[in-house]
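Structural description and commentary
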Amino acid sequence: MDIEWERICEIVRIDISIANRLFKCFDSQKTVEDIEIFTSGKRTTNYKIRLKESEQKFVLRIYPEN
């Protein structure tokens, strides 16, 4: 992959409440404690998700509408 490529889709900004709603579709028993955006994507928007009372971390990937 060429690291010089420019981003072709705008970053989708979300807050913790939206991250929680999206994550509840995956695991309704867990709660998101913190999100951190990865700005290196070219098309998707990616967030590192940290859960309350858990050492597990996940990546939430948001795809462009089309």
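Along each chain, the written sequence defines residue order, and numbers are assigned to residues from 1. Given that the model is predicted, a residue must reach a pLDDT of at least 70 before its local features are reported, and side-chain atom pairs must reach 80 or more before they are shown or counted; all residues, however, enter totals for whole chains, interfaces and linings. Where side-chain values are given, they derive from all heavy atoms of the structure, hydrogens and water being excluded.

Points about the environment of Arg 43
Our working definition: By the criteria applied, helices consist of DSSP H or I runs no shorter than four residues and strands consist of E runs no shorter than two, each listed in order from the N terminus. Any two residues having at least one pair of non-hydrogen atoms within 4.5 Å are treated as being in contact.
Tracing the backbone shows Arg 43 in the loop between β1 (32–38) and β2 (45–51). Setting aside residues no more than four positions away along its own chain, Arg 43 makes contact with Arg 7, Ile 8, Cys 9 and Pro 64.

A closer look at the nonpolar core
Definition in use: For our purposes a nonpolar core is just a set of buried Ala, Val, Leu, Ile, Met, Phe, Trp, Tyr and Cys residues, chained together by side-chain atoms within 4.5 Å. When accessible area is computed with a 1.4 Å probe and restricted to protein chains, residues below 20% of their type maximum are described as buried, those above 50% as exposed, and intermediate ones as partly exposed.
Core analysis: the largest hydrophobic core is formed by ten residues, namely Ile 14, Ala 19, Phe 23, Val 32, Ile 35, Tyr 47, Ile 49, Leu 51, Leu 60 and Ile 62. For this core, the secondary-structure elements that each account for two or more residues are α1 (16–24), β1, β2 and β3 (57–62). Of the residues forming this core, the biggest block, three residues, is contributed by β2. In this structure Ile 35 touches Ile 14, Asp 15, Ile 16, Ala 19, Tyr 47, Lys 48 and Ile 49, once residues within four positions along its chain are discounted.

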